Amino acid sequence: MPNSCAVSTVRVRPFQESPERRSGAELMAANPYRPWPARITSITDLTEHEKLFEFRLVDDRIREAFHHAPGQFVELSIFGVGEAPISISSSPTKHGFIELCIRRAGKFTEALHKMQCGDIVGIRGPFGRGFPIDDMRGHDVLLVAGGLGIAPLRSLINNVHDERSDFGKVTIVYGSRTPSDVMFRNQFEMWKHRKDFELHLTVDYPDSTWDGEVGVVTKPFEHLEVDPGNTFGAVCGPPVMYRFVIEEMSKKGIAYDHIYCSFERHMKCGMGKCGHCQIGHQYVCIDGPVFNYWEAKNIQGSM
Amino acid sequence: MLYRVIEASEIPALISAFMESHEVVAPVKKGDVYAFDVISSPDEVVLDYDTTIASPKKYFLPPAETLMTFDAQGNQLTDYTAEITPRVIFGAHACDINALNRLDVVYKDAPYADPYYIARRQATLIVGISCMPTETCFCHLWSSDEARFGYDLFLQDIGGKYLVSISSNDAANILESACNPREATDAERIEFRHATRRRQAAFNPEIPKIQEVAMLMDAFHDDPFWDELGGKCLSCTACSSVCPTCFCFDIRDVRDPDGTTGRRERVWDACTAPQFALVAGGHNFRSDPATRVRHRMYHKLNGFLATHDRMLCVGCGRCVKACKANINPIEVLKFFERKGAADAE
Ligand SMILES: Cc1cc2nc3c(=O)[nH]c(=O)nc-3n(C[C@H](O)[C@H](O)[C@H](O)COP(=O)(O)OP(=O)(O)OC[C@H]3O[C@@H](n4cnc5c(N)ncnc54)[C@H](O)[C@@H]3O)c2cc1C
Ligand code: SF4
Ligand code: SF4
Ligand code: FES
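Along each chain, residue indices are assigned from 1 in the same order as the chain's sequence is written. Going through the entries in the order they are written, you letter the chains from A and number the ligands from 1. Reporting of local features is limited, given that this is a predicted model, to residues whose pLDDT is at least 70; pairs of side-chain atoms are given and counted only at 80 or more, and all residues count toward the totals for whole chains, interfaces and linings. Only heavy atoms go into the side-chain values, all of them from the structure, while hydrogens and water stay out.

1. A short note on the site of ligand 1
Part 1 of the reasoning: The environment of ligand 1 is formed by 23 residues, the closest being Glu83, Pro85, Arg103 and Thr109 of chain A together with Ala280 of chain B.
Part 2 of the reasoning: In this text, near means that some heavy atom of the residue lies within 4 Å of the molecule or strand in question. In this structure ligand 1 sits where residues from chains A and B come together.
Part 3 of the reasoning: Within the backbone of Ser87 of chain A, an N or O atom sits 3.0 Å from a nitrogen atom of ligand 1.
Part 4 of the reasoning: With respect to ligand 1, the backbone of Gly106 of chain A contributes an N or O atom lying 3.1 Å from an oxygen atom.
Part 5 of the reasoning: Note that accessible areas follow from Shrake-Rupley with a 1.4 Å probe, and for residues the cover is restricted to the protein chains shown. For ligand 1, whose free accessible area comes to 840 Å², the fraction covered by protein is 85%.
Part 6 of the reasoning: Elements supplying a minimum of two residues to the shell around ligand 1: strand 5 (82-87), strand 6 (98-103) and helix 3 (107-113) of chain A.
Part 7 of the reasoning: Per-element accounting of the shell around ligand 1 gives the leading share, five residues, to strand 5 of chain A.
Part 8 of the reasoning: Each residue belonging to the shell around ligand 1 can be placed in one class, and the counts come to 13 nonpolar, four polar and six charged. Polar contact criterion, stated in full: a pair of N or O atoms within 3.5 Å, where within protein one must be able to donate a hydrogen and the other to accept it, and residues adjacent in sequence count only if both atoms are side-chain atoms. A run of H or I in DSSP becomes a helix once it reaches four residues, and a run of E becomes a strand once it reaches two; helices and strands are each numbered from the N terminus. The nonpolar class holds Ala, Val, Leu, Ile, Met, Phe, Trp, Tyr, Cys and Pro. Asp, Glu, Lys and Arg form the charged class, and all remaining residues, Gly among them, are polar.

Structure (structure tokens):
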């Protein structure tokens, strides 16, 4: 009996759009692997290794459906090079544009750093669980970033800034290696004189231009005043930093489940399938990347 | 569920009927082992096989699969049509059906449903077949020795005939057209009971029966046992390739020779591969084989259970045979048994 010749194959066109105009959310859900074209609308050099890119999704349906929370990330795509998970650095209060702050670290990020305004990339997302911004409203917030950790935390910082009256006391601690590594320095210089932000910029190795604090990111904790029962902590930075900052926050009396940190792991799919981002039983891409310290302690191998 | 009885002699006609409209994949003999393969005649099918070397997962998650095609110049998608062949997996054991049900949890029912997997799953009919355990089978420990759903037909051997559970309309029609399914007699129902009892009694008694595995995994997370077990790992990833429930993948872009067009594909990947958890800056979250092996066992015997209420191992025993370093869940069970014995002394 002839077998395969009698069998007619089913043809699936993963990107074919049905004739009726579907909503952005439906289009994105139909194939979550599909990157949507986004145009680079601005590029700002931040440091020698980091640039801030601003993107605008080309399809207006997708642009309208794209809503993120601070701490979520996107998968950024350059066809022929690959994809990389990148935290959204802009605040949800900034509509229509997505800012990503990207360090040159290898093949993909190199290729991106060579691109120019007007070039097209692909974006899918947003993915993951971000900071619990709505729980934070009405409370004091203590936001601590080290190095590139400012990229995801900036989304939260700017969100708090734009909706300042929703929050109690706002304290920002941002540590860098040297003054030339400090990102968004202009923005923070301006905030220095504001009464509604307590800002601590610190560097490990100062130079003659530096008039901020000197020392590791935990140094400012020596003189921080914290109302422990009323404060949410948020930490982003290199893995080694977490333990020390969390210890300082605990010493100030902030409860484990009020201290939030963002984890970085190898990621491919961003949506709980490829397995790369797993720690213990959690998938950092969907269960995180933001976890509170209580949750993190309950994951084998998280820290 | 609907039950009918057919004679063993009707099986070739049933397979032929499926072949008229589907590509039929079934266990066939290759040298001295069995493998799932496309058949061209019902004669090739061996229904009383032990365990196939690899599971049928490749028909749902191919080892390499194009997700999209692109034109790198201008960074745009190009039109791409995935060809999906309507198939019948004829003769899947209960463990493999239960494994598919677990893949469903991740690829079909979880948020971000996977359109490629779903298209294949929907185009595939599953015909299960009852089996007797080999000495490396421990499906009964994870209640995977019986398939409760996830198939279209399930054939339970009751000696010269089959009790057929029918769970889809398509399969029922084909069964009706090819065979003479009839009501089961009382004697046949009783024979089904006997067959089940015989299977349950036939598991290798040397595989320790331990219920509280997930808890023990947590309790002994830092035991030197993991270095002992995982230290031997060759990072060959054979375990994940043969495993019906391992579903991790990598995504990569492959350019055509012209340098501008290409395809984005996903390829099987494995958490026992050295670079699996490597991030930018060179930090590797699981840099040694021991932590990778421990991670794999945790996901199988603890982690998936915590989130999805079932083990991610169906006890098919394939990795027991595939691993040259004797790393497998049975060794973990034996370790817990030794621990129990030591404590009791
Ligand atoms: C949730 C999350 C948020 C991130 N946010 C930012 C951000 O805001 N800014 C920023 O500059 N970087 C961020 N990163 C890190 C960024 O993803 C890596 O720097 C980037 O993937 C490196 O790719 P590459 O090709 O340039 O490096 P290479 O070392 O050449 O390649 C690394 C390979 O591993 C893959 N990979 C997947 N995940 C990672 C990972 N986490 N780290 C390293 N490689 C990875 C890459 O796709 C690539 O295939 C984030 C990572 C995660 C997980
Ligand atoms: S556990 Fe065994 S089969 Fe798996 S990668 Fe290690 S040596 Fe290979
Ligand atoms: S871990 Fe081993 S025994 Fe368990 S399902 Fe996978 S291959 Fe089968
Ligand atoms: S990135 Fe693929 S599972 Fe998390």
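So that's the structure; there's more coming.
2. Digging into the interface of chain A and chain B
Part 1 of the reasoning: With 52 residues of chain A at the interface, the matching set in chain B holds 63 residues.
Part 2 of the reasoning: Salt bridges are defined as contacts in which a side-chain nitrogen from Lys or Arg sits within 4 Å of a carboxyl oxygen from Asp or Glu. Linking Arg264 of chain B and Glu83 of chain A is a salt bridge whose minimum nitrogen-to-oxygen distance equals 3.4 Å.
Part 3 of the reasoning: The element contributing the most residues to the side of chain A that touches chain B is strand 7 (residues 120-127) of chain A, with six residues.
Part 4 of the reasoning: Here the side of chain A that touches chain B is composed, by residue class, of 26 nonpolar, 17 polar and nine charged. Whether two residues are in contact is decided by their heavy atoms, any of which lying within 4.5 Å being enough.

3. Focus on the environment of Val214 of chain A
Part 1 of the reasoning: With respect to the helices, strands and loops of the structure, Val214 of chain A is situated in strand 11 (residues 213-214).
Part 2 of the reasoning: Beyond its immediate chain neighbours, meaning those up to four positions away, Val214 of chain A contacts Thr202, Val203, Asp204, Pro206 and Lys219 of chain A.

4. A closer look at the pattern of salt bridges
Part 1 of the reasoning: A complete count under the given rule lists 42 salt bridges over all chains for this structure.
Part 2 of the reasoning: The salt bridge partner of Glu146 of chain B is Arg199 of chain B, with a shortest N-O separation of 3.9 Å. With a gap of 53 residues between them, Glu146 of chain B in the loop between strand 8 (124-129) and strand 9 (153-157) and Arg199 of chain B in helix 5 (residues 186-201) connect regions that are remote in the sequence.
Part 3 of the reasoning: Look at Arg199 of chain B and you get buried, because its relative accessible area is 7%.
Part 4 of the reasoning: Here the salt bridges share partners, and the residues they tie into one network are Glu54, Lys94, Glu99 and Arg154 of chain A. Here's how the labels work: a residue is buried when its accessible area is under 20% of the maximum for its type, exposed when over 50%, partly exposed in between, all with a 1.4 Å probe on protein chains only.

5. Focus on the domain arrangement of chain A
All names here are of chain A.
Part 1 of the reasoning: Taken as a whole, chain A is organised into domain 1 (33-127) and domain 2 (133-262).
Part 2 of the reasoning: Listed by partner, the interface residues are 17 residues for domain 1 and 16 residues for domain 2.
Part 3 of the reasoning: We define buried area as the total accessible area lost by two parts upon association, computed with a 1.4 Å probe and summed across both. In total, domain 1 and domain 2 occlude about 1,300 Å² of area from one another, counting both sides; carbon and sulfur atoms represent 59% of this.
Part 4 of the reasoning: Where domain 1 meets domain 2, there are one salt bridge.
Part 5 of the reasoning: Measuring nitrogen to oxygen at the nearest pair gives 2.7 Å for the salt bridge that ties Glu99 to Arg154.
Part 6 of the reasoning: Linking domain 1 with domain 2 are six residue pairs in polar contact (both at pLDDT 80 or more).
Part 7 of the reasoning: Listing elements by their share of the side of domain 1 that touches domain 2, those giving two or more residues are strand 3 (50-57) and strand 6.
Part 8 of the reasoning: With three residues, strand 6 is the largest single contributor of residues to the side of domain 1 that touches domain 2. A domain assignment, automatic or from a database, supplies the domain bounds used here.

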